[in-house]
Amino acid sequence: MITYNSEGITMPKIKKRETTAWIRRVAATYGKKVGEVGYLFCDDEKILEVNNEFLGHDYYTDIITFDYDEDDTINGDIVISLDTVRSNAELFHKDYNEELHRVIIHGILHLCGLNDKGPGERELMEAAENKALALR
């Protein structure tokens with residue numbers, strides 16, 4: 001089950017049923033099933049608080065993914081700052097809705113085992129995001 005919640009902001013206008021089906025399709029391309037995945041859409045202040053409390057980081061980010069995977073089933077909590085998504089869309093000259101969906105699937109790709117911190121991983125993650133967006 002995939003849940004969508006917001007805290008301190010208006011819930012983004014995403015088509016939940018279509019988004020859920022898309023997430024399941026993307027996970028399946030990695031041989032994964034979707035278990036319990038919870039999205040929390042928030043503002044920059046909330047994500048900074050989560051970043052500080054759980055990761056010891058004192059900076060803003062667009063997404064934080066907590067991975068509770070079990071075997072071939074993805075489970076996790078994904079926290080997304082809509083403030084940062086909006087800023088990044090403007091910075092990279094992208095449509096806000098496209099950037100939002102890129103971040104939504106970015107968390108799922110992390111749960112599927114992709115990383116973006118090591119050498120060459122960012123490029124692989126971006127390619128995987130583009131492939132996933134094409135499945136939308």
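For the structure itself, consult the block above.
As the structure is a computational prediction, the values presented were derived from the model and not from experiment.

S.K.: Teacher, can you tell me more about the pattern of salt bridges here?
M.R.: Pairs may arise between side chains of opposite charge once their charged atoms sit close together. The full count for this structure, using the stated rule, is four salt bridges. Glu 7 serves as the salt-bridge partner of Lys 46, at 3.3 Å between the closest nitrogen and oxygen. Of the two residues, Lys 46 is situated in helix H2 (residues 44-55) and Glu 7 in the loop between strand S1 (2-6) and helix H1 (16-29); the sequence distance between them amounts to 39 residues. A salt bridge links Glu 49 to Lys 46; the nearest nitrogen and oxygen atoms lie 3.2 Å apart. Taken together, the positions of Glu 49 and Lys 46, both in helix H2 and three residues apart, correspond to about one turn of that helix. One network of salt bridges, with partners in common, ties together Glu 7, Lys 46 and Glu 49.

S.K.: Explain the environment of Ala 27 to me, please; I cannot follow it from the model alone.
M.R.: Structurally, the position occupied by Ala 27 is in helix H1. Linking Ala 27 and Ile 105, residues 78 residues apart in sequence, is a C-alpha distance of 9.5 Å. Apart from residues no more than four positions distant in its own chain, Ala 27 is found in contact with Lys 32, Val 34, Ile 74 and Cys 112.

S.K.: Explain the nonpolar core to me, please; I cannot follow it from the model alone.
M.R.: It is characteristic of soluble globular proteins that their nonpolar side chains tend to be buried jointly. Membership of the largest hydrophobic core comes to 30 residues, with the highest contact counts inside it found for Ile 23, Val 37, Tyr 39, Phe 41, Ile 80, Ile 104 and Ile 108. Put simply, the parts of the chain that give this core at least two residues each are S1, H1, strand S2 (33-42), strand S4 (73-81), helix H3 (82-91), helix H4 (96-111) and helix H5 (121-134). Counting residues per element, this core draws most heavily on H4, at seven residues. In this structure, Ile 104 is in contact with Ile 14, Thr 19, Trp 22, Ile 23, Tyr 39, Phe 41 and Ile 80, ignoring residues within four places of it in sequence.

S.K.: I tried to follow the sheet that holds S1 on my own but got confused; where do I start?
M.R.: Taken in spatial order, the four strands of this open sheet run S1-S2-S4-S3, and their pairing is mixed. Each edge of the open sheet is held by one strand with a lone partner, namely S1 and strand S3 (63-67). Pairs of neighbouring strands in the sheet enclose a mean axial angle of 15°, with direction left out of account. Pairing of S3 with S4 involves five bridges; the strand directions are antiparallel.

S.K.: Can you help me understand the side chain of Asn 88 in this one?
M.R.: Mapped onto the elements, Asn 88 comes out in helix H3. The residues contacting Asn 88, other than those within four sequence positions of it, are Asp 62 and Glu 99.

Calculation notes
- Residues numbered from 1 in each chain as written.
- Predicted model: local features only at pLDDT ≥ 70, side-chain atom pairs only at ≥ 80, totals over all residues.
- Heavy atoms only, no water.
- Salt bridge = Lys/Arg side-chain N within 4 Å of Asp/Glu carboxyl O.
- Helix = DSSP H or I, 4+ residues; strand = E, 2+ residues; numbered from the N terminus.
- Contact = heavy atoms within 4.5 Å.
- Core = buried A, V, L, I, M, F, W, Y, C linked by side-chain atoms within 4.5 Å.
- Buried < 20%, exposed > 50% of the residue type's maximum accessible area, 1.4 Å probe, protein only.
- Pairing = 2+ DSSP bridges.
- Axes fitted to C-alpha atoms, helices over the stretch in contact; angles between N-to-C directions.

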